[in-house]
Structures are given as C-alpha cells and as structure tokens.
Amino acid sequence: MWLKLFFLLLYFLVLFVLARFFEAIVWYETGIFATQLVDPVALSFKKLKTILECRGLGYSGLPEKKDVRELVEKSGDLMEGELYSALKEEEASESVSSTNFSGEMHFYELVEDTKDGIWLVQILQEKRLGTIHAHNVRSTNDYF
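Residues numbered from 1 in each chain as written. Predicted model: local features only at pLDDT ≥ 70, side-chain atom pairs only at ≥ 80, totals over all residues. Heavy atoms only, no water.

J.: It is not clear to me how the overall build of the chain should be interpreted in this structure. Could you clarify?
T.: Helix and strand counts for the chain come out as 5 helices and 0 strands. Written out in order from the N terminus, the α and β elements of the chain read α-α-α-α-α. Split into buried and exposed, the 144 residues of the chain put 12% on the buried side. Of the contacts formed within the chain by residues at least 6 apart in sequence, a portion of 50% connects residues at least 24 apart. Carbon and sulfur atoms provide 60% of the accessible area of the chain, an area that totals close to 12,900 Å². (Helix = DSSP H or I, 4+ residues; strand = E, 2+ residues; numbered from the N terminus. Buried < 20%, exposed > 50% of the residue type's maximum accessible area, 1.4 Å probe, protein only. Contact = heavy atoms within 4.5 Å. Areas by Shrake-Rupley, 256 points an atom, 1.4 Å probe, with all protein chains shown as cover.)

J.: What should I look at first to understand the pattern of salt bridges in this one?
T.: Any two side chains of opposite charge can pair, given that their charged atoms come close. Evaluated as defined, the whole model comprises 2 salt bridges. Of the charged contacts in the structure, one is a salt bridge between Glu23 and Arg20, with a shortest N-O distance of 3.3 Å. Taken together, the residues span about one helical turn, with Glu23 and Arg20 both in helix H1 (residues 2–30) at a distance of 3 residues. What makes Glu23 partly exposed here is its relative accessible area of 48%. Notably, a salt bridge pairs Arg69 with Glu73, separated by 3.4 Å at the nearest N-O pair. Note that Arg69 and Glu73 are positioned in helix H3 (residues 65–74) at a spacing of 4 residues, about one turn of the helix. On the accessibility criterion, Arg69 (19% relative accessible area) is buried. (Salt bridge = Lys/Arg side-chain N within 4 Å of Asp/Glu carboxyl O.)

The structure is reproduced here in structure tokens:
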C-alpha cells in the first residue's frame, strides 16, 4: 500500500519537474523580462504595425504613428514577450524560400502532398526551343 502511494507521489513530482523544465525553456526563449510592460511611444511605426498584425487588428485607415500607437494602447497592454514574438514572427515571414523542382513527380511530392500553403510556380525553360515553323503546325480541322 505504501509502495503504491510512494510511486504515485513520485509520478506527480516528475510531472511537476518536467512542467517547470519546459516552462523554463519558454521563459529563456522569450527573455527573462517577458512579463514587463513596454511603452508603445518608444516603438517605431513599423513595430507598432507588426504588433497590430499579430493581434489581428487592421490599421489601413491610420496614416500617422500617433493613431497606430493609440490603437495598440486601446487593444491591451504590450508585454516584452509579445513584442519579441511579434518581431520574431515578422522576421520569419520576411524570409523567402524557393524550391527548384526536378520534374513532375518532384512537383507533386512537394506541392500536392503537403497542401500547407500557397505556392507561386514559375516555369523556367532549360534549353531554348527552336522556332516553330508554319509547316510543323496542323490545323485541328485536319483530324475531323
């Protein structure tokens, strides 16, 4: 009986320690002072727009920094961790990646199978084709 109770307490202790460990990792990634408030007045116009985008708010009718800053203040307190994650998200969205497909199957493998986003495909010709002459082109009516 005491052994079962001991293992149950040990189980809860391990869960507690693991939860604190993962919390420390998140705390380290977002910074030590992630819960400190940030004054929006000190931020640039671009950073304020990034904060609004991360909060899901539009700013298209606000041409001045003062108006954007007021909207950030009205939408809630700005924490250091939120600013850090918004700037990190902006940096990730700015990085553009490109993929060169080796053939049709490679295209289907990466684009059709993943279906996780929007792909802009540009087809580049490796070799320049010769000129198409009129005697090589047939009318579609020839087959009927």
